[in-house]
Amino acid sequence: MAEKIIRVRRRRKIRPFPGVESIPIFGRHLSPAGIALLIGATALVIVLGVVFFSYGSKLYDHWRETRLLQRATSTLEQGKFQQAAQTAREVLELHPDSLPALYILAEAAEKRNLEETVSWRAQIARLLPNDLDSQLNLASAALRFSQLDIARKALDHVPPYDRDRAAFHVVAGWLARAEGNLADQEQQFAAAVKKEPGNDLYQFNLAALQIRSADEGKSATARANLERLSKIAPFRTGALRALLNDAVERSDFDVADTLAQQLQMSQQVTFADYLLCLNFYRKLNQEKFAALLEKVKPFAARNSSDLALLMDWMNNNGLAAEVLKWLDKLPSEITTHPPVAIAAAEAFAEMKNWSRLKRWTRGGSWKDEDYLRLAYQAFASRQARQSIADAEFASLWRAAERAANDQPDREIKLARLATKWNLSIEAEQLWSRVSRNPPTRREALDTLYRIYRANNEMKKLYDVLQRLHESSPNEPAITANLARLGLNIDQNTLEAQKLAKEAYDRAPNDVNCAVTYAFSLYGLDRTAEGLDIIKKIAARAIARSPCRSLRRPAFAR
């Protein structure tokens, strides 16, 4: 009995919780306390695993991103732009808003002159909306690829406190240039020089612009600055070009001769510079001109682009006959393909050799320039005066427009040809389409303005002036023209009077602006004020007149 009691007690030690059975787990019997401990340990392991995995993954991603950026930066510095861009794209897969990766992609695209530069710069500007450099880089890239609306928006995003920086004025000046607003360009470049007078690049930009100014003081100052800059290596060739053009326009041939020789000896001389020298020598000395032309011809024949440039220059300077003589001596594998084939077609047109122009453009294909082949063929058909000329012209011209395929850079070339050939209906249609594209808008609107003014189409003229004013609101000449036309045709008179004052306030010494404002005052019954403005303008004109010393003496009055 005692042994039995002992055995029972021992059994109870094995099961200390009466009424609860053990649970078999993994082949072993665990008590509830053991199970609780196991569950807790498992949960802790899981939590620690999740934390370790998550943190470790982030550490790995950060390490990998750093390594990729280092590799991308290194390949960019080595000039391996495509490889650098590919590596930077891998970084964006890990970190879509990685600024270093976006900078590398923008730089690599810019070095390869790719239009995607604009989109990368736009992403950087989005991430740094208040950063001046980011917005200016975006605007500069957009200007480089003729995306004027994007450039304008980028400058609009620049905070007001940064708009008086020299760099801002420079980019704003180039935007004004792209819009055709030379007055605003000069104003912006002058502001940049005022902020940083020691910056030679800013001095060069302003001087190259102002040397053409009608203001003798500005042109003289610009000439002096360019002469100084011509002795500094980075600006030497550009300064010599500007000075040579100025000397030729002023008929200062001795100075121009010296400048032309210096330009030809410059290490940065381009083929276009040789054409500039040709233009000068043609005015100065026929013997020197003929010698230089013969020297340049074989040099041009080595490269089809240079050859086409020289032929275009000869066509534009009354030497189309010489182009055709030279054409027969050149290999056909060069002359029958663009760009030389286009220059040859222009020579046939200049010489009015319509039959040969038709033969030249009838067969083959000019690939991407085939729309020009069809255009020249259409013009030759019309000029041939055959019985079916009009129908053939219409068919060929429509084919040329289809081949242009709604591409503004092609359509503007067609529009220029149509204008040159006096195809007024075709020209108006093309310029109207081209005017919707920001990079070509100014040239298109300026041409439409001349077309409508010549045809006395006042309503269309007013609409074009309105669009010109919208695209260049700070240009006094356009503002004055819009105001005067509005007053003349009684169109939006109150707005016209307001614009007349704006133009006069911007340029009180400009005759057009002053006369327009005086006319506006007359309509407001403020005739005396208008007469005062006219008297001031007349007095300034007399003071500037070279004949002012020929006035009658006092005793003869």
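Residues numbered from 1 in each chain as written. Predicted model: local features only at pLDDT ≥ 70, side-chain atom pairs only at ≥ 80, totals over all residues. Heavy atoms only, no water.

Enquirer: How would you summarise the nonpolar core if you had to cite specific residues and measurements?
Expert: Formed by 103 residues in total, the largest nonpolar core has its most connected members in Leu 244, Leu 310, Met 311, Trp 397 and Trp 431. If you tally residues by element for this core, the top one is helix α19 (residues 340-350), at 9 residues. In this structure, Met 311 is in contact with Val 323, Trp 326, Leu 327, Leu 330, Val 340 and Ala 343, ignoring residues within four places of it in sequence. Counting residues in each nonpolar core, the second largest holds 19 residues, with Ala 125, Leu 132, Leu 138 and Ala 142 among its members. (Core = buried A, V, L, I, M, F, W, Y, C linked by side-chain atoms within 4.5 Å. Buried < 20%, exposed > 50% of the residue type's maximum accessible area, 1.4 Å probe, protein only. Helix = DSSP H or I, 4+ residues; strand = E, 2+ residues; numbered from the N terminus. Contact = heavy atoms within 4.5 Å.)

Enquirer: Residue-level account of the packing of helix α13 (residues 253-265) against helix α14 (residues 271-284), with values.
Expert: How two helices pack is summed up by the angle between their axes together with the distance between the axes. With their axes 10 Å apart at the nearest point, α13 and α14 run at an angle of 155° to one another. By the angle between their axes, α13 is roughly antiparallel relative to α14. Along this stretch, α13 crosses α14, giving a crossing that reads as left-handed. Contacts between α13 and α14 involve Phe 253, Ala 256, Asp 257, Ala 260, Gln 261, Leu 263 and Gln 264 from the first element and Asp 273, Tyr 274, Leu 276, Cys 277, Phe 280, Tyr 281, Lys 283 and Leu 284 from the second. (Axes fitted to C-alpha atoms, helices over the stretch in contact; angles between N-to-C directions. Parallel < 35°, antiparallel > 145°, perpendicular 65-115°, else oblique. Left-handed = near helix turned anticlockwise from the far one by under 90°.)

Enquirer: So what about the pattern of salt bridges? Which residues, and what values?
Expert: Enumeration over the complete set of coordinates arrives at 33 salt bridges. Here Asp 97 makes a salt bridge to Arg 126, at a shortest N to O gap of 3.4 Å. With Asp 97 in the loop between α3 (81-94) and α4 (99-111) and Arg 126 in helix α5 (residues 117-127), this pair connects stretches of sequence that are 29 residues apart. With relative accessibility at 49%, the residue Arg 126 sits in the partly exposed group. (Salt bridge = Lys/Arg side-chain N within 4 Å of Asp/Glu carboxyl O.)

Enquirer: Outline the environment of Asp 368, supporting the account with residue identities and numerical values.
Expert: With respect to the helices, strands and loops of the structure, Asp 368 is situated in the loop between α20 (354-362) and α21 (370-383). Here the alpha-carbon distance between Asp 368 and Ala 404, two residues 36 residues apart in the chain, equals 8.8 Å.

Enquirer: Break down the packing of aromatic side chains for me, with residues and values.
Expert: This model, assessed by the stated rule, comprises 14 aromatic pairs. With a centroid separation of 6.2 Å and 40° between ring planes, the pair formed by Phe 253 and Phe 280 is classed as tilted. Of this pair, Phe 253 sits in helix α13 while Phe 280 sits in helix α14, placing them 27 residues apart in sequence. The exposure class of Phe 253 is partly exposed, given its relative accessible area of 26%. A relative accessible area of 0% means that Phe 280 is categorised as buried. Within the aromatic cluster, the residues linked to one another by ring pairs are Trp 354, Tyr 376, Phe 379 and Trp 421. (Phe/Tyr/Trp six-rings, centres within 6.5 Å; stacked < 30°, edge-to-face > 60°.)

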